[in-house]
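Now for the letters of each chain:
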Amino acid sequence: QVQLQESGPGLVKPSETLSLTCTVSGASISSYYWNWIRQPAGKGLEWIGRMYNSGNTADYNPSLKSRVTISVDTSKNQFSVKLSSVTAADTAVYYCARSGAMGPTEFDSWGQGTLVTVSS
Amino acid sequence: DIMMTQTPLSLSVTPGQPASISCKSSQSLLHSDGKTYLFWYLQKPGQSPQLLIHELSSRFPGVPERFSGSGSGTEFTLRISRVEAEDVGVYYCMQSIQLPFTFGPGTRADIK
């Protein structure tokens, strides 16, 4: 059974870079698609982006594309997201999720989520 | 971006009774491969979202048969044949025919 666990700082200062890591167990990071999704408090879900093809390919939400990078560490079976120049609007629960077990776009496994607050 | 809308935004359901949620997309979600890239997720209180229905009408393994998805083109419906207390939470539809993937605003379901 695949498990995903997000980790990283829970507090980031405005204008700095948010960095989170998702550790995957039960599945190889070299297979499937690996996604980041976020949810501001009390609000809906926003897809941030995904990486696949062993980390050689990434797609990003155009609304964040200029600020976001998703990368992979195959040796640790982890993937990460970096979001630069954060503001209070980036405060959210960040989820990592897998897709590609059945088709390329269904999120069949999710991490528990980690809250990131942007504040000075 | 493809815009997703849902109605109602909140739903109070009686155990044992049916319930349905509508979702509409701003563009057709029917792909040339014949599949409709419409998904339904349920986020139970305090939990991560979980996949209920993929590609319009296929139940994800382990999802009870009381959940069903239907529709075509730009209009879709999630039906619960007989609501149970464990079905409370927020239901989201999502499209993945076009990047960026986009979600509906969510329908909050509680028990009467």
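Residues numbered from 1 in each chain as written. Chains lettered and ligands numbered in written order. Predicted model: local features only at pLDDT ≥ 70, side-chain atom pairs only at ≥ 80, totals over all residues. Heavy atoms only, no water.

Peer 1: So what's going on with the overall build of chain A? Residues and values would help.
Peer 2: Looking only at helices and strands, one finds zero helices and 11 strands in chain A. Listing the helices and strands of chain A from first to last along the sequence gives β-β-β-β-β-β-β-β-β-β-β. What you see for chain A is a C-alpha radius of gyration of 13 Å, in line with the 14 Å of a compact globule of 120 residues. Across its three principal directions, the C-alpha atoms of chain A cover 40 × 25 × 25 Å. Taking all 120 residues of chain A together, 47% fall into the buried category. Looking at chain A alone, contacts between residues at least 24 apart form 53% of all its contacts between residues at least 6 apart. (Helix = DSSP H or I, 4+ residues; strand = E, 2+ residues; numbered from the N terminus. Rg over C-alpha atoms; globule rule 2.2 N^0.38 Å. Buried < 20%, exposed > 50% of the residue type's maximum accessible area, 1.4 Å probe, protein only. Contact = heavy atoms within 4.5 Å.)

Peer 1: Any chance you could break down the overall build of chain B for me, citing the residues and the numbers?
Peer 2: Counting its secondary structure elements, chain B contains zero helices and 11 strands. Overall, chain B shows an N-to-C arrangement of helices and strands of β-β-β-β-β-β-β-β-β-β-β. Expressed as lengths along the three principal axes of its C-alpha atoms, the size of chain B is roughly 40 × 25 × 20 Å. When the 112 residues of chain B are sorted by exposure, 47% land in the buried category. At a minimum sequence separation of 6, the contacts of chain B that also span at least 24 residues come to 54%. Taken as a whole, chain B presents about 5,200 Å² of accessible surface, with 48% of it coming from carbon and sulfur. Taking the average location of the 9 positive side-chain charges in chain B and that of its 9 negative ones, the two points are 5 Å from each other. (Areas by Shrake-Rupley, 256 points an atom, 1.4 Å probe, with all protein chains shown as cover. Lys, Arg positive; Asp, Glu negative; His and termini not counted. Charge placed at Lys NZ, Arg CZ, Asp CG, Glu CD.)

Peer 1: A description of the interface of chain A and chain B should follow, citing residues and the corresponding values.
Peer 2: A common way to express how large an interface is: the accessible area buried when the components associate. The partner chain B presents 19 residues to the 23 residues of chain A that form the contact. Looking at the side of chain A facing chain B, the largest losses of area belong to Leu-45, Trp-47 and Thr-105 of chain A, adding up to 33% of the total buried there. Along the contact surface separating chain A from chain B lie zero salt bridges. The interface formed by chain A and chain B holds six residue pairs in polar contact (both at pLDDT 80 or more) in total. When residues of the side of chain A that touches chain B are traced back to their parent elements, those giving at least two are β4 (33–39), β5 (46–52) and β10 (107–110) of chain A. (Buried area = accessible area lost by both parts, 1.4 Å probe. Salt bridge = Lys/Arg side-chain N within 4 Å of Asp/Glu carboxyl O. Polar contact = N/O pair within 3.5 Å; in protein donor to acceptor, adjacent residues only side chain to side chain.)

Peer 1: Go over the pattern of salt bridges, please, and point to the residues and values.
Peer 2: A complete count under the given rule lists nine salt bridges over all chains for this structure. One salt bridge in this structure joins Asp-59 of chain A and Arg-50 of chain A, with 2.9 Å as the shortest N-O distance. Considered together, Asp-59 of chain A and Arg-50 of chain A belong to a single accessibility category, that of buried residues. Between Asp-87 of chain B and Arg-66 of chain B there is a salt bridge; the shortest N-O distance is 2.7 Å. Of this pair, Asp-87 of chain B sits in the loop between β8 (75–80) and β9 (89–95) while Arg-66 of chain B sits in the loop between β6 (58–59) and β7 (67–72), placing them 21 residues apart in sequence. Via salt bridges that share partners, Arg-38, Glu-46, Arg-67 and Asp-90 of chain A belong to a single interconnected network.

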